[in-house]
Structure formats: C-alpha cells, structure tokens
Protein chains: 2
Amino acid sequence: MSKNLTSREEDYSKWYNELVVKADLAENSAVRGCMVIKPYGYAIWEKMQAELDRMFKETGHQNAYFPLFVPKSLFEAEEKNAEGFAKECAVVTHYRLQNDPDNPGKLRVDPEAKLEEELVVRPTSEAIIWNTYKGWIQSYRDLPLLINQWANVVRWEMRTRLFLRTAEFLWQEGHTAHATKDEALKEAQLMNNVYATFAQNFMAIPVIKGTKTESERFAGADETYCIEALMQDGKALQAGTSHFLGQNFAKAFDVKFTSNEGKQEHVWATSWGVSTRLMGALIMTHSDDKGLVLPPNLAPNQVVIVPIYKSQEQLEELQPTVDEIIKELRSIGITVKFDDRDTMRPGAKFAQHELQGVPLRIAIGARDLANGTVELARRDTLSKETIPVNGLSQRIKSLLEQIQSDLFNKAEVYRNEHVTAVDDFESFKKTLEEKGGFISAHWDGTAETEDKIKELTKATIRCIPEDQKQESGVCVLSGNPSQGRVLFAKAY
Amino acid sequence: MSKNLTSREEDYSKWYNELVVKADLAENSAVRGCMVIKPYGYAIWEKMQAELDRMFKETGHQNAYFPLFVPKSLFEAEEKNAEGFAKECAVVTHYRLQNDPDNPGKLRVDPEAKLEEELVVRPTSEAIIWNTYKGWIQSYRDLPLLINQWANVVRWEMRTRLFLRTAEFLWQEGHTAHATKDEALKEAQLMNNVYATFAQNFMAIPVIKGTKTESERFAGADETYCIEALMQDGKALQAGTSHFLGQNFAKAFDVKFTSNEGKQEHVWATSWGVSTRLMGALIMTHSDDKGLVLPPNLAPNQVVIVPIYKSQEQLEELQPTVDEIIKELRSIGITVKFDDRDTMRPGAKFAQHELQGVPLRIAIGARDLANGTVELARRDTLSKETIPVNGLSQRIKSLLEQIQSDLFNKAEVYRNEHVTAVDDFESFKKTLEEKGGFISAHWDGTAETEDKIKELTKATIRCIPEDQKQESGVCVLSGNPSQGRVLFAKAY
C-alpha cells in the first residue's frame, strides 16, 4: 500500500517525518522552517491547550495578550536574554512595500518606509512583558501577578523539523511576578509539576523532573526546572521548562514594589512554557510502524465506526444500530465518528484510522447485525474482539481508560529500562552508543567537563533529577569529586 | 472619585479611550500601534472566541494553523490583494542581530544576515493559504475544504485606537474552497449569518446585513458581505465581513480540481473574519458614563457578591450564606465572584464593578442576614431591589436573561431611531450632522458619486442592505436614476 511508512528500525528519523505528513498532522510550508499545522494535528493541539488552560486557571492564572514585536531597545535590555536570542531572530525593518520600478508587477521594500527602531519578532516575551509590568506593579498589593499567554513565537533555527524545531511555533508562556524569592521559586516548581502531571495523565508520557545545569539554562534565568521524556530511539526530549528568573528582568526594566513594610524592592519573576513541540513528543513516544498511536485523552476521535456493506440497502439496515451506538457513546462523553464514506473500502479505512491513531475501531456488518455483535479493535495492541452490542458503551469506556494507562505503563517500562547508571567513561560511551537512553553518572559540576562530554559523545546533561539522592562519587570524565549523579542523554 | 470617566456627551472619543484603560481591558504598548490586552479584556475575548469557535465547528469547519510570514513572491501573486495591503505591511528583512561595534551593549541588525526574499508579516492569509491549498486539492472529493484559523495579523495603520484599529490585532479567518460558484456564494452568506447571529445573541448588538459596494470590498474579493452596527455616537462600525473571492486566488495560485465529469476547473473561494475590533463594538454599544456594561452572555463574572461588614467576626457570620449562594449559582451555570478583599471599602468595590460592567451585584450585610435578604443591583439600569435569599438563584437566572434581551432591545430601538430615509442632499448633510446614524438614500451606483459624497460629508456607503426592497428613485447627489436605497454613515 502506498501509505506504508518506513519502519522505525530502518530509519527512525524518516519514519517520524513520513508519519507526521501521512497522518495529516503537519507539513512544511513555503516559508523556510515554518510549518502548516493541518486540521487533524491542530485538533490534537487544541485538546492539549484546553487541558493545560484549565490547569493554569485552576492554579490561579489568567490569560492576556502582549505584542508580537519587541522594539530593539527593549530586546537588548536584559543582557543575557538578548545574547541568547539575538543570533536567531526575525527582524522587521520596514513598514511598506511599493511597486518595483525595475520589475513590473513585482513589489519591493519602500526605502522611505524604514522604521526608526527595528522590531524583533518575539522569540519569547520576557522583555515586552516586563516593560509592561513596570506600569502594573507599584505595591505588594499588586502581587502576585499570575499571567499566561497563548501565542506564536519565532526563532530563526537553521535546521528545522516538523513540530520538534520550527522557525515559528505555537506555545504558551506564563510570566509571573512575586514579592519574595521563595514565592517565585515555589511558583516555578508548581508549574513544572503542572507540566509533569499533564504529560503523565494526558499525554501518557512518563517524565523526569529536574533542574538544568547553568549552561543549559534559559538565557536570563537563575534556575530552570524541566521535564524530560525519552523517545523510542533512545533520545531525550525536553517537554517543558519553568524558569526562576530571580530579579534579572525586574532590574533590567526597573520594576519595583513597595513592600508591606514600606520598602522599595525589586520584584521576583518566573516564566514557563510548553509548545507545539509536545506534538513531537506525543508522536515519538507511542507510535509504531503502522502510524500514530494516540492516548484516548488527546484523541480527536476516540472511536471510529466503519460499516461493512455491499449495497446501499445493507448500509441502511446497519444505520439504526449505528445510531444507537453513537448516541450511547456521546451520552457518556466519548467522541465517535461514523466513517460512512462511499469512496473508500473498509480495508483502506482501517489502514487510515490506524495511520491516524484512533484508539478504538468498531466494525459492523450484516453478520454482526444478525448476531447482535460488533468487532472492536484496539489501535495500540492491534488486538480484536467480537463483543455484544449490549453493554458496548461501558466496555468502550473502560477500554479507553485501560488504553490510556497501558500506554503510560509501556512508555514507563521502556524509559525505566533505559536509565543506566555508569561509573566510567568507557561504559558511558558504550551505553550511549549501544543502548541510548538516559545515563546516570557522576559529574564534577564544571561547565568544562560538561562541554567536553558533549564534544566527545554529543550527550548533554538533560537534568539534575529532583529525586536524586545525595551520593558521593567521582566524575565519570575528570575523576574529580561529585556530590551526586546527573542524567546525560543525546537529545532532540 | 479619581476613577470618574469623561462623560459621553462631553467627549465620546475620550470617554471610550478612558473606559478601555480604566476598566482594565487594554492599554497601549511600547510598540507603536500595538496593544496589550489585559486579563479582564482578554477574558471577554475568550468568551467570544469560545462561542464563535463552537458555531464554526457546528457549521462543519475545522481549525488549522498557517505561517505568520508570507514570502514576498506569494504576497504579490494576487494583484488586487497585494495592492490593497502593500502600503501598510510589516516586512522582515533580516534574521539576526549582532553586537553594535559603535555602541557597546547595544545590538544592531547583522548586515550579513539579510534574507534572500523578504517576508511580509501576514495582514491576512489568503496568499499563504491558497499556496498551501494547491497541494491539498486535486479532485472534487477534496472539496469543500472548510478551514478556520485563530491568529494574529499586522496592518501598519497610521492612526490607531485600542481595539478599533491597531497595528497588530487578533482575529479568526476562515478560508474555504468549493467546487462551484453557487456553493461558495452560499458559504459566504452562511458565515455572514453566523456573525449576525453571534452579534445579536451574544453581544446583544443589532446588526444590518448587506453587501459592500465595489470600492469598499475586500482587496481581491468579488463580493463582500458584512454586518454593520451602530455606536451610541451615531457612527457605524463594520463588525464582521465575509468574502466571496470567486476564482481570483485559485487562478493566482493555480489551484484546480478534477470535477465529477473529469474536467479540470479552478476552485471557488471564500474568506471571512471577525477580530478584537468586536471588543470596541461591544464597549461602544452598551456602556455608559459609569463604565462598561456587559451582556451576561459575555461577562467573565455574571454576578459579584460584596460583603458589608465592620469586623472580621461579621464577615465570618456572612460566610455560610455567601457559600450557599455561590454554590447554588454555580450549580445552574452562573459565574460568580466573591469580592472579599479587605483592602477596599464596599463603595469603592461597587464603583469598580460598575466600571467593569458586572451585570449583577449582590450586597449582603448583617441586617440582610437577619432578614434573610440580599440587595441585588443591576448594572445596566442601576436599579436595586431587596429580595429574599430564598429563590435567589432562580431570580438571578431570569434576571440575567432579562438583561441580555433588554440590552439588545435598547440598542435596537436606538439603531432603528437612527436609520433615516432622505431624498435630497441638503437633508442628507443635515441629518448626518445633527442626528448621525444610518442614512438610507438613493445612489446612482457609480464610484464617482460615492467618492464625491465621502469627500463632501465623510460618510461612506456602509452596505447595500440585504432586505432592501427594489425601489426606483433618483440619486441623492447626482440626480441620476437609482434602483434602490443604500445605507450611508460616518464609520469607525
């Protein structure tokens, strides 16, 4: 069949690229590095958004919207942040096109419409937001300020891949302001926990919570909390980050408040975000050589019904039973689609729904109707059962829950099998090469060693795990003393 | 009180600007012409989005996402569209900043990071979308394609006003593709009707449906349907447009399909959009000199409860009754906020909730507790009643429905009183000057006359109303024959 995917074993990277396109999730656009998110892909993103938004609001955050553009003078105000993003930002320099006198029918930039100050298309919004917060915060009564924004951002990446790394991507960015360091630290941790809960309960992806080393931190942060996931090819993927920004932005933009005791103090800040990159993590954690596998909590259609018929008459005979099934499923909150297209045969429909990862498929034909049964097929295990129509909706409900937890457990088993403790650099390299996954190793805490390991192996420190126990040892590369293990991996 | 607004009579324009800022809806940003939408304003926009999105999906549309940038060569492909937007578009020319050797600590555009082809920040997405549709449409089986996008767009307007006209704004843009002209025309009309229904049922704004004259059409459209609303100062506001694009974009981007009969044909198109401009319409239709008046269907908080107390003990005594009221209201789907801030007196709270347009306010104090009553105040009429706690939630439910329809009726009465039929140009000018509103007049159908009237009076043809009856007459300016009346007005 023409829709066959390259297998993961043959070429994991090619498998991913093909799957994203063939399952109708996204495609490359005419704009270098920018993607088009297709309706089916966007429907999954909308489900992620809805749940995250609910979780943000439940933890006291409100949405707002800040400008797309950052004037250069604001962009450069927080030095480290500017340095981190200056090399890959899209810059607006003009505000008009005009007819090109040399090329009839073509346009060119109007040289007289040059902006006095260049505008950077936001790669992240700390600068524009903290410049705004300056006007919003005077007193401790104005704090905490707990705001989130759903937006597009642009980072001019040189090598791009659909969802994983694109020049423009969609994300949410929370930006909060606090009266004390302690409160801001707690907020940054809280939001990292929200991300972990979302990844585990909705995406069925086990994640490791931890902090980044100084070299891997967000530009402008004093501490970066993160959740790290493991893909099926043994590479890690950073699925979300939450930053404690200290008073760096408050100082850069002079944002002070009058404390309870009447003193003027700089405000403490956090920012945190997840993006359409999560789509990449979702795809690479669960999918197989037949296509996408979606956890029921994020599937646009949890169930699809495919009728098996030879004549219009046979289809009509199936209709009342199908209607009844649909009605019952919807009444208990299950999304279901009836695929009655007459331009495609059942086998082709089965393949398409497998490719698109619909968790459960019901097939119903004349014989089933006579027997009062349907055929029910699971996408994740590809197993089938013939079961009575009677009680079908309850069976489906519990099966969807089962699939959700099975997917998580399977991913967790795989992940746990791919965390390897090593104590010497030969084993480090061998494990990385032959098995991949996370390598738990002692590190001497210096950026020099971290860089050297990266240079030698392409592995980076994904995080200093939150639940790591104190353990004395010696650095896997330098042999210098270490206070605990950190997790290395090759990463997306 | 410092929060007092300029009255509408004194200076309508100033009243609007103050209200938007003081009610915490939006403010100007550091970026010329771009606004910050504050949490309270954004919460109203989110309610609009949720309902519109539901209506779009109910009519068969799916969401997707297309790139922010349009390469210049695509932008210029549809000539009229390009001409319409070229004069006011933000252009990205570079993809990197570097340290400025002449200004330590400052950045400048890296001259070596000039893009080969300039990128236009989308002012609207027909070009990038039709370039994409080319790859999606081969056969009549791929049609209709019914897609919507929620996005930000940029139009470099010279004179901007919060919500009404901003360089960047948020909107949705539907882009559909059809096999026949008739189907595309019906789609464009359907979506204009969806907008009208939304405006009337949710925003409580009566609108006139019609079509635009050729000069007022969207650049690249063969027909533009619109809904026109009337503000309290007698000026019209275009609240939504839906365009029949003919085959213009299909031809510009060479999008053809194989018809049922095996012929290659160009696809027919529509596009339609509403934006954060609706916020301006909402504010200017209902609000008064005390502040915002919100229709209950769009109010983030439909009810606010303000406790009246002198001591912490008194507040605690009120708590069980308040909790009970909140629980009952929420159980029937009413949003309610308990304003127990101890930093503000009840009078100040009343004023703030009036300023922010909360439809109903409950005040409850020790005496009310003893009597088993509360004071219930309507924002729209500023009327109060003391009523029993018993049965309160049902009373509130019916009152919210009453307010929703009262607001619509009041706006409709005002609008109907401000549609004046005139038959000579002196009356035209006099009515426009003294009364404002829509002027229903005969027009000879020429762009010359339309331009001349605009030049002489600043009034434009808002629309050729859908329900206008055929009526022969003579043009109010030229005296030439006319087949029917059109609606003129000064407009936002």
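Per an unreviewed UniProt entry, chain A goes by the name Proline--tRNA ligase and belongs to Nonlabens ponticola. As its UniProt record puts it under Subunit (unreviewed entry), chain A is described as follows: "Homodimer." The Catalytic activity (unreviewed entry) field of the UniProt record for chain A holds the comment "tRNA(Pro) + L-proline + ATP = L-prolyl-tRNA(Pro) + AMP + diphosphate".

A word on the overall build of chain A. Of the regular secondary structure elements, chain A holds 14 helices and 27 strands. Taken over C-alpha atoms, the radius of gyration comes to 26 Å for chain A, in line with the 23 Å a tight globule of 492 residues would show. Once the C-alpha set of chain A is aligned to its principal axes, its extents read approximately 80 × 70 × 55 Å. Relative to its 492 residues, chain A shows a buried fraction of 58%. In chain A, of all internal contacts separated by at least 6 residues, the share reaching a separation of at least 24 is 68%. Carbon and sulfur atoms form 46% of the exposed surface of chain A, whose accessible area is close to 20500 Å². Averaging the locations of the 60 positively and 72 negatively charged side chains of chain A gives two centres separated by 2 Å.

Attention now moves to the sheet that holds strand S8 (residues 114-121) of chain A. In sheet architecture, strand pairing relies on hydrogen bonds along the backbone and comes in two forms, parallel and antiparallel. Reading across from one edge, S4(A)-S8(A)-S5(A)-S5(B)-S8(B)-S4(B) is the order of the six strands in this open sheet, with antiparallel pairing throughout. Single-partner strands in this sheet number two, and they are strand S4 (69-71) of chain A together with strand S4 (69-71) of chain B. Recorded for the sheet is a direction-independent mean angle of 45 degrees between the axes of neighbouring strands. Across three bridges, the pairing between S4 of chain B and strand S8 (residues 114-121) of chain B is antiparallel. Within S8 of chain B, the residue paired with Val-70 of chain B across the bridge is Val-120 of chain B.

Bringing helix H2 (residues 39-58) of chain B into the picture now. With 20 residues, H2 of chain B ought to run about 28 Å at 1.5 Å a step, and its terminal C-alpha atoms sit 28 Å apart, in line with that. Following H2 of chain B by one or two positions, Gly-60 of chain B has its phi on the positive side, about 90 degrees.

Below, the discussion takes up the sheet that holds strand S27 (residues 485-489) of chain B. Residues and elements named next belong to chain B. Spatially, S3-S9-S10-S16-S13-S12-S11-S24-S27-S23-S22 is the arrangement adopted by the 11 strands of the open sheet, whose pairing is mixed. Each end of this open sheet is capped by a strand with a single partner; those strands are strand S3 (62-63) and strand S22 (419-421). Across the sheet, helix H5 (residues 126-136) touches strand S9 (145-154), strand S10 (168-178), strand S13 (236-246) and strand S16 (268-275), and the angle it forms with S10 is around 35 degrees. Contacts from helix H12 (residues 392-417) reach strand S11 (208-211), strand S12 (223-230), S22 and strand S23 (438-442) within the one sheet, and its direction differs from that of S22 by about 20 degrees.

The next thing to look at is the domain arrangement of chain A. Taken as a whole, chain A is organised into domain 1 (2-69 + 124-286), domain 2 (303-399) and domain 3 (419-489). A straight line from the C-alpha centre of domain 2 of chain A to that of domain 3 of chain A covers 50 Å.

When you line up the elements, Lys-106 of chain A lands in the loop between strand S6 (97-99) and strand S7 (107-109). You can call Lys-106 of chain A partly exposed: its relative accessible area is 40%. Linking Lys-106 of chain A and Lys-47 of chain A, residues 59 residues apart in sequence, is a C-alpha distance of 42 Å. Apart from the residues lying within four places of it in its own chain, the contact partners of Lys-106 of chain A are Gln-98, Asn-99 and Asp-100 of chain A together with Glu-76 of chain B.

How big an interface is tends to be expressed through the accessible area that disappears when the partners come together. Counting from both sides, the interface comprises 64 residues of chain A and, opposite them, 64 residues of chain B. Buried area between chain A and chain B, summed over both chains or domains, comes out near 5100 Å², and the portion from carbon and sulfur atoms is 67%. With a closest N to O distance of 3.1 Å, Lys-57 of chain A and Glu-46 of chain B form a salt bridge. The tally of links from chain A across to chain B stands at 30 residue pairs in polar contact (both at pLDDT 80 or more). Its residues assigned to classes, the side of chain A that touches chain B shows 38 nonpolar, 10 polar and 16 charged. For strand S5 (residues 91-94) of chain A and strand S5 (residues 91-94) of chain B, the ladder comprises three bridges, and the chain directions are antiparallel. Bridge pairing in S5 of chain B places Val-92 of chain A opposite Val-92 of chain B.

This part takes up the relation of the copies chain A and chain B. Superposing chain A onto chain B takes a rotation of 180 degrees plus a shift of 0.0 Å along the axis, which leaves an RMSD of 0.0 Å. Here the copies are linked by what is in effect a two-fold axis. Of every C-alpha in chain A, the one belonging to Val-92 of chain A sits nearest the axis of rotation, 2.1 Å from it. Comparing contact sets, 100% of the residues at the interface of chain A also lie at the interface in chain B, consistent with an isologous, same-surface contact.

The next subject is the pattern of salt bridges. All names here are of chain A. Tallied over the entire structure, the rule returns 58 salt bridges over all chains. The salt bridge involving Lys-212 is made with Glu-228; its shortest N-O contact spans 2.7 Å. One end of the pair, Lys-212, is in the loop between strand S11 (208-211) and strand S12 (223-230); the other, Glu-228, is in strand S12, and 16 residues separate them in sequence. Here the two residues Lys-212 and Glu-228 agree in accessibility, since each one is buried. Taking the shortest distance from any N to any O, the salt bridge between Glu-434 and Lys-430 comes out at 3.7 Å. Linking Glu-434 with Lys-430, this pair stays in helix H13 (residues 425-434), spanning four residues, or about one helical turn. Classification of Lys-430 by relative accessible area gives exposed; the value is 51%. The network of salt bridges with shared partners includes Asp-24, Glu-27 and Lys-38.

Right, let's talk about the nonpolar core for a bit. Ranked by internal contacts, the top residues of the largest apolar core, which has 103 residues, are Phe-69 of chain A together with Phe-69 of chain B. Among all residues touching Phe-69 of chain A, those that are not within four sequence positions of it are Val-92, Leu-119, Val-120, Val-121 and Ile-128 of chain A together with Val-31, Cys-34, Ala-90, Val-121, Val-154 and Trp-156 of chain B.

The linkage connecting Leu-143 of chain A with the following residue, Pro-144 of chain A, adopts the cis geometry, with an omega of -10 degrees. Considering the arrangement of structural elements, one finds Pro-144 of chain A in the loop between helix H5 (126-136) and strand S9 (145-154). Positive phi values are uncommon outside glycine, yet Asp-254 of chain B reaches one of about 55 degrees. One can find Asp-254 of chain B in the loop between helix H7 (248-252) and strand S14 (256-258).

A separate point is the environment of Leu-407 of chain B. All names here are of chain B. Among the structural elements, Leu-407 can be located in helix H12. Look at Leu-407 and you get buried, because its relative accessible area is 5%. The residues touching Leu-407, leaving out its near neighbours within four places in the chain, are Ala-204, His-286, Val-293, Leu-294, Pro-295, Pro-296 and Asp-380.

Let's shift gears to the UniProt feature "domain: Aminoacyl-transfer RNA synthetases class-II family profile" (unreviewed entry) in chain A. Using the residue numbers shown here, the UniProt feature "domain: Aminoacyl-transfer RNA synthetases class-II family profile" (unreviewed entry) corresponds to residues 27-295 of chain A. Between the first and last C-alpha atoms of residues 27-295 of chain A the distance is 22 Å; the span itself is 29% helix and 32% strand.

Calculation notes
- Residues numbered from 1 in each chain as written.
- Chains lettered and ligands numbered in written order.
- Predicted model: local features only at pLDDT ≥ 70, side-chain atom pairs only at ≥ 80, totals over all residues.
- Heavy atoms only, no water.
- UniProt positions renumbered as here; feature names shortened; annotations may be inferred.
- Helix = DSSP H or I, 4+ residues; strand = E, 2+ residues; numbered from the N terminus.
- Rg over C-alpha atoms; globule rule 2.2 N^0.38 Å.
- Buried < 20%, exposed > 50% of the residue type's maximum accessible area, 1.4 Å probe, protein only.
- Contact = heavy atoms within 4.5 Å.
- Areas by Shrake-Rupley, 256 points an atom, 1.4 Å probe, with all protein chains shown as cover.
- Lys, Arg positive; Asp, Glu negative; His and termini not counted.
- Charge placed at Lys NZ, Arg CZ, Asp CG, Glu CD.
- Pairing = 2+ DSSP bridges.
- Axes fitted to C-alpha atoms, helices over the stretch in contact; angles between N-to-C directions.
- Expected span 1.5 Å × (residues − 1).
- Domains from an automatic or database assignment.
- Buried area = accessible area lost by both parts, 1.4 Å probe.
- Salt bridge = Lys/Arg side-chain N within 4 Å of Asp/Glu carboxyl O.
- Polar contact = N/O pair within 3.5 Å; in protein donor to acceptor, adjacent residues only side chain to side chain.
- Nonpolar A, V, L, I, M, F, W, Y, C, P; charged D, E, K, R; others polar.
- Least-squares fit on C-alpha atoms with pLDDT ≥ 70 in both.
- Core = buried A, V, L, I, M, F, W, Y, C linked by side-chain atoms within 4.5 Å.

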